[in-house]
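# Structural overview for review
Each chain is listed here by its residues.
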Amino acid sequence: MPEPTQHPPISAPPSAQDLVVETDVNLRPYNTFGLPAVARRLVRIRSALDVRRVVDHPELGRAPKFVLGGGSNLVLTKDVEPVVLKVEIPGMRLVEERPDAWIVEAGAGVVWHELVQWTLDQGYPGLENMALIPGTAGAAPVQNIGAYGLEAKDRLEAVEIVDLVTGRAAVIPASACRFGYRDSIFKQSGFGGLAGKSVITRVWMRLPRPWQPVLGYLEIERKMAETGVTAPDARQIFDWICAVRRAKLPDPAVIGNAGSFFKNPVVTAEQCRDIIGRDPGIVHYPMPDGSVKLAAGWMIDACGWKGKSVGDASVYDKQALVLVNKGDARGAEVVTLARAIQESVYGRFGIRLEPEPVVV
């Protein structure tokens, strides 16, 4: 983790006058599903100090808060009454070059894919497997984003947070983030959880040296076979993954969506054998701990949901794991469709799918 002197705590005196509070803000442009909702009050957070200013504000400080990053993991079903903190903190830089790693800092508002591209362009590989994941750098540890054999926890060094009660900044090492599959201390509301209690303002990623490719996923193996490239470099893997994702996942700028809507369920080896006995074709991935990850998209497709709709909410016709907005979907339609899929999959496989996005 970078030395404390490199990352000083907030020291400038807060001033409520520096805050710009917007009212009745249309949130459709700020959620990738393109769902209609209004924020009664919205504050754009462009530095850690802005969070402190909100906390010290005579009115906003006491009000409930809702932290909004890129809006890529969100289903809005109603207007948002809490004060929306729209995190837009910029900046990317190399803060330390060690013999075993590059340590890269990013502001929480940086678009995640732009961070992946920037690190590659600067010669700091290691994030390429997570290319094109929607969202911001600050949201990456919250959801413990991951794809193609790599998760945020595998590369995170530390995060900076600002407490929403005290306004104090703190640096939390990755080892204290209680990471799980699409889970972290920042999503947890139980004992010691930080959900709703803090704002992530900066992240530091640890990119190992020497670089080693993360291979083994079927799509990557197919690309290796198609191209004859058996030892791809980081840029090649990045290009492959971008091509794969673009082929099977809709661009939120064109078709509203929140990416993969359901988590891939993890079951015991015995449960997997039982399911294979009934459905031999089910796609599954053995995990290092002996458990097995099942492909939720395959199960949804097997239940006949691909292309089906509830109102303007639909299952994407190229990838059943993705729900999309065909134009004027409302959050309630997305939720109704998701629940119908859950019941269908449970009825056939005995597995209860868990949504990835936060429903508000």
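Note that the structure is a prediction, hence the values are computed from the model and not measured. (Residues numbered from 1 in each chain as written. Predicted model: local features only at pLDDT ≥ 70, side-chain atom pairs only at ≥ 80, totals over all residues. Heavy atoms only, no water.)

Tracing the backbone shows Asp274 in helix α6 (residues 269–278). Overall, the relative accessible area of 46% leaves Asp274 in the partly exposed class. Residues Asp274 and Ala140 lie 134 residues apart in sequence; the distance between their C-alpha atoms is 34 Å. (Helix = DSSP H or I, 4+ residues; strand = E, 2+ residues; numbered from the N terminus. Buried < 20%, exposed > 50% of the residue type's maximum accessible area, 1.4 Å probe, protein only.)

Bringing the sheet that holds strand β16 (residues 292–294) into the picture now. If you walk across this open sheet you meet the three strands as β14-β16-β15, and the pairing is antiparallel. Two strands lie at the open edges of the sheet, namely β14 (266–267) and β15 (284–286), each paired on one side alone. Pairing of β14 with β16 involves two bridges; the strand directions are antiparallel. Bridge assignment links Val266 to a residue of β16, and that residue is Lys293. With respect to the sheet, α6 is in contact with β14, β15 and β16, its orientation differing from that of β16 by roughly 45°. (Pairing = 2+ DSSP bridges. Contact = heavy atoms within 4.5 Å. Axes fitted to C-alpha atoms, helices over the stretch in contact; angles between N-to-C directions.)

Looking now at the sheet that holds strand β3 (residues 65–68). An order of β1-β2-β5-β3 is seen for the four strands of this open sheet, with the pairing classed as mixed. Two strands in the sheet have a free side with no partner beyond their single neighbour: β1 (21–26) and β3. Averaged over all adjacent pairs, the angle separating strand axes in this sheet is 40°, with direction ignored. Pairing between β1 and strand β2 (residues 38–45): five bridges, direction antiparallel. Looking across to β2, one finds that Thr23 is bridged to Arg41. On the sheet, helix α1 (residues 48–56) packs against β2, β3 and β5 (83–87) and is oriented at approximately 130° with respect to β2.

With that settled, the discussion passes to the confidence of the model for the chain. Averaged over the chain, the pLDDT score is 92; the fraction of residues at 70 or greater is 95%. Within the model, the stretch residues 1–14 combines pLDDT values under 50 with 31 contacts to residues more than four positions away or in other chains. (pLDDT = per-residue confidence, 0-100.)

The next thing to look at is the nonpolar core. Counting residues in hydrophobic clusters, the biggest one holds 61 residues, and the most contacted among them are Trp112, Leu115 and Phe186. For this core, the leading source of residues is helix α5 (residues 234–248), giving seven residues. With residues up to four places along the chain from it excluded, the contact list for Trp112 reads Leu127, Met130, Ile133, Gly135, Thr136, Ala137, Ala140, Ile145 and Met205. Judged by nonpolar contacts, the second largest core, of 44 residues, contains Ala37, Val80, Cys303 and Leu321. (Core = buried A, V, L, I, M, F, W, Y, C linked by side-chain atoms within 4.5 Å.)

One pass over the full model with this rule turns up zero disulfides. The structure places no disulfide on Cys303, whose sulfur is separated from the nearest cysteine sulfur, that of Cys272, by 16 Å. (Disulfide = S-S within 2.5 Å.)

For the rest of this paragraph, the subject is the pairing of strand β10 (residues 156–163). A large share of β10 lies buried, amounting to seven of its eight residues. The sheet contact formed by β10 and strand β12 (residues 198–208) spans seven bridges and is antiparallel. Along β12, the bridge assignment pairs Val162 with Val199. Sheet topology note: the β10/strand β11 (residues 169–173) ladder contains five bridges and is antiparallel. Across the sheet, residue Val162 finds its bridge partner in β11, namely Ala169. A loop of five residues connects β10 with β11, the two strands running antiparallel in sequence, and Gly167 in this loop sits at a positive phi of about 80°.

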